[in-house]
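Now for the letters of each chain:
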Amino acid sequence: MTGFLDLRQNAHAVLRNYPVTGHFRYLFESIRPELRQYFFESNQDGKPFSRERRSMVYDRAKNIEDVLPFGTELDVYESTYSWVNHSVCPKPVSHEDLRVTIGGPECKQPYSASLFNISAMSFGALSGNAILALNKGAKAGNFFHDTGEGSVSRYHREGGGDLVWELGSGYFGCRAKDGTFDPDKFKSQAANPQIKMIEIKMSQGAKPGHGGVLPGPKVTQEIADARGVPMGQDCVSPSHHSAFSTPVELLEFIRTLRELSGGKPVGFKLCLGHRWEFMAILKAMLKTGIKPDFIVVDGSEGGTGAAPIEFANRLGTPLRQGLSFVHNCLVGAGLRDDIKIGASGKLISAFDIAGTICLGADWVNSARGFMFAVGCIQSQSCHTNRCPTGVATQDLKRQQALVVPDKAERVTNFHTNTLDALIEFTAAAGLDHPRDFKPEHFYLREGQREILPASVALTWVQKGALLDEAHNIPGYSTYWDMAVAESFEPARSVASAKALHGHHGHH
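Residues numbered from 1 in each chain as written. Predicted model: local features only at pLDDT ≥ 70, side-chain atom pairs only at ≥ 80, totals over all residues. Heavy atoms only, no water.

K.L.:
Explain the overall build of the protein residue by residue, including any values.
P.N.:
If you tally the helices and strands in the protein, you get 20 helices and 15 strands. Over its C-alpha atoms the protein spans a radius of gyration of 24 Å, differing by no more than 12% from the 23 Å that the globule rule assigns to 507 residues. Viewed in the frame of its principal axes, the protein has a C-alpha envelope of about 85 × 60 × 50 Å. Residues counted as buried form 50% of the 507 residues belonging to the protein. At a minimum sequence separation of 6, the contacts of the protein that also span at least 24 residues come to 67%. Of the roughly 23800 Å² of accessible surface on the protein, a fraction of 53% belongs to carbon and sulfur atoms. Side-chain charges of the protein comprise 53 positive and 54 negative groups, with the mean position of each set lying 4 Å from the other. (Helix = DSSP H or I, 4+ residues; strand = E, 2+ residues; numbered from the N terminus. Rg over C-alpha atoms; globule rule 2.2 N^0.38 Å. Buried < 20%, exposed > 50% of the residue type's maximum accessible area, 1.4 Å probe, protein only. Contact = heavy atoms within 4.5 Å. Areas by Shrake-Rupley, 256 points an atom, 1.4 Å probe, with all protein chains shown as cover. Lys, Arg positive; Asp, Glu negative; His and termini not counted. Charge placed at Lys NZ, Arg CZ, Asp CG, Glu CD.)

Here it is in structure tokens:
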């Protein structure tokens, strides 16, 4: 009967030519990821995280010794290989608390954050048990948990850990009936002492410039309560904000949020896109005197539950380039001293943290690293609601596999052991504290032969250099002349901006 139906159907050419046996092709194709992961994957295989890197997280989360026998399996002559040099006179291992204070001159409630924290992941994308385990782990380890744009759920509150409340374009948790920002709802929620900072999500590395829709059937009562939307109705997150449309309006919105929250640190997260747009924000800071307390730079290599392939693969700036540009622009505009920089995007190890600090970050956030800590096996089924470990699903039965007390302890262990590794890594480099890492400590390859420290391989702008009318800095000055505080649109074309700098060059 199966063979007869195969010959009669029109959808699959394979089954018409190979009735019955053709089904094996679809069976093997469906289990291909599992076959690769469990039978054929080497320690350096596996995307986006190799087996070796995943195993490192699992071992640290379980308090198992995470050592590597017999030597590195990495190709140290490969063009993308990077490293930090050690010192012939290592420093004693310091047990100084690895924290950074976030809060500029206008901030009344500065926050002391860990150098390593949980990046933005919403309740809805992650299960209630996963959120609860993450937050309980953050509470025990004294580090923060970014809510993601899905707002503060009962699982965040029950955990009791420090929160960074992320405000996306849907304004969940402070949303009016028409989907716009409601200041009264925001003020009420921001008063919660568990919320330490407010982060405006401008864009996300894995899908910058992309909104989203949570279909009505997936909007459960718990999700509706957390987001402040009607149960059972489509939950729309637009691709752009309605609270502001210009750089000046963005900064005025930041000032409003800071006032409504009682002076808590307020900043924004973005994956770097058009360079003149970020520079327009800097010009707006200079014009208005309003500055965010922090900026989180998200790399295009960051993760998400689901994104269009083109957005995930080919849109947005990778972290190294985006981070160094943002840091340089703040330095060049004379603003860096008052604004802290966080970074996120595939960062899970002590080397990741150290290398990112070398390029300008003050602290690091990790999403998928902490997902591994609560049991994620990189099955890449986040968008199907069939996560095999109960991490990225709203299926209540699947969630039961995630035992909160056990996984919360693993979250704390992963954080503690990663920072312990960072302390030892820092001492081996001859430094007293991770904040002492500078571009000259981070090495990368330029072409196939030349090896350069980041201090030479990349451009580093001097303090206040962009404020000099005669500056001519490759990769920066042209975009600076295209930017205006009043609009995200460029004031002039690339060609005319370059011509302007050709003129400046003669003076």
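K.L.:
Account for helix 11 (residues 275–288), naming residues and giving values.
P.N.:
The first and last C-alpha atoms of helix 11 sit 20 Å apart over 14 residues, in line with the 20 Å expected at 1.5 Å per residue. All buried positions along helix 11 are accounted for by W276, F278, M279, A280, I281, L282, A284 and M285. In this structure, the buried side of helix 11 is in contact with helix 10 (247–260), strand 10 (266–270), strand 11 (294–298), helix 13 (319–332) and helix 19 (477–482). Just beyond helix 11, the residue with positive phi is G289, at close to 80°. (Expected span 1.5 Å × (residues − 1).)

K.L.:
Any details on the pattern of salt bridges? Residues and values, ideally.
P.N.:
Under the defined criterion, the tally for this structure stands at 14 salt bridges. For the salt bridge of D352 with R53, the shortest nitrogen-to-oxygen distance reads 3.1 Å. Highlighted residues: D352 in helix 14 (residues 350–358) and R53 in helix 5 (residues 51–61), separated in sequence by 299 residues. For D352, a relative accessible area of 12% puts it in the buried group. In this structure, D337 and K463 form a salt bridge, with 2.9 Å as the shortest nitrogen-oxygen distance. Of this pair, D337 sits in the loop between helix 13 and strand 12 (340–344) while K463 sits in the loop between helix 18 (454–457) and helix 19, and the two are 126 residues apart along the sequence. K463 carries the same exposure label as D337, and that label is exposed. (Salt bridge = Lys/Arg side-chain N within 4 Å of Asp/Glu carboxyl O.)

K.L.:
Break down unusual backbone geometry for me, with residues and values.
P.N.:
Positive phi, normally seen in glycine, also occurs at N142, with a value near 60°. Residue position: N142 is located in the loop between helix 6 (128–141) and strand 5 (145–146). Looking at N142, the relative accessible area reads 41%, which means it is partly exposed. The residue Q378 is not glycine, and still its phi comes out positive at about 60°. As for its position among the elements, Q378 is in the loop between helix 15 (368–373) and helix 16 (396–399). On the accessibility criterion, Q378 (9% relative accessible area) is buried.

K.L.:
Tell me about the packing of aromatic side chains, and please be specific about residues and values.
P.N.:
Counted according to the given criterion, the structure contains 22 aromatic pairs. Aromatic pair W165 and F186: ring centres 5.1 Å apart, planes at 15°, arrangement stacked. Within this pair, whereas W165 is found in strand 6 (residues 163–167), its partner F186 is found in helix 8 (residues 183–190), the two being separated by 21 residues in sequence. Aromatic ring contacts, followed pair by pair, group W165, Y171, F181, F186, F244 and F253 into a single cluster. In this arrangement the basic side chain of R227 is found over the ring face of F172, its NZ or CZ atom lying 5.0 Å from the centre. The positively charged end of K346 is found above the aromatic ring belonging to F49, 5.8 Å away from the centroid. (Phe/Tyr/Trp six-rings, centres within 6.5 Å; stacked < 30°, edge-to-face > 60°. Lys NZ or Arg CZ within 6 Å of the ring centre and 35° of its normal.)

K.L.:
Describe the pairing of strand 6, naming the residues involved and giving the relevant values.
P.N.:
By the criterion of burial, strand 6 is predominantly enclosed, with five of the five residues buried. Of the two faces of strand 6, the one carrying L163, W165 and L167 and the one carrying V164 and E166 are both buried. Bridge count between strand 6 and strand 7 (residues 195–201): five bridges; the pairing is parallel. The residue of strand 7 that forms the bridge with E166 is E199. (Pairing = 2+ DSSP bridges.)

K.L.:
Hey, could you go over helix 17 (residues 404–428) for me, with residue numbers and the actual values?
P.N.:
Taking 1.5 Å of rise per residue, the 25 residues of helix 17 would be expected to cover 36 Å, and the 36 Å separating its terminal C-alpha atoms lies within 8% of that figure. A positive backbone phi angle near 80° is found at G430, which sits one or two residues after helix 17.

K.L.:
Describe in detail a nonpolar patch on the surface, supporting the description with residues and values.
P.N.:
Taken together, the side chains of M1, F4 and L5 make up a nonpolar region of the molecular surface, amounting to roughly 390 Å² of accessible area. Structurally, the position occupied by F4 is in helix 1 (residues 2–8). (Patch = residues over 30% accessible without salt bridge, like charges linked within 9 Å, V, L, I, M, F, W, Y side chains within 5 Å.)

K.L.:
Explain the side chain of T418 to me, using residue names and the numbers behind them.
P.N.:
Structurally, the position occupied by T418 is in helix 17. Classification of T418 as buried rests on a relative accessible area of 0%. Apart from residues lying up to four places away in sequence, T418 is in contact with R60, F116, I348, S349, A350 and I353.

K.L.:
Let's hear about the state of the cysteines: which residues, and what values?
P.N.:
Counted by the stated rule, this structure contains zero disulfides. Here C107 is not cross-linked by a disulfide; its sulfur's nearest cysteine counterpart is in C174, at 19 Å. Under the relative-accessibility criterion, C107 is labelled buried at 11%. (Disulfide = S-S within 2.5 Å.)

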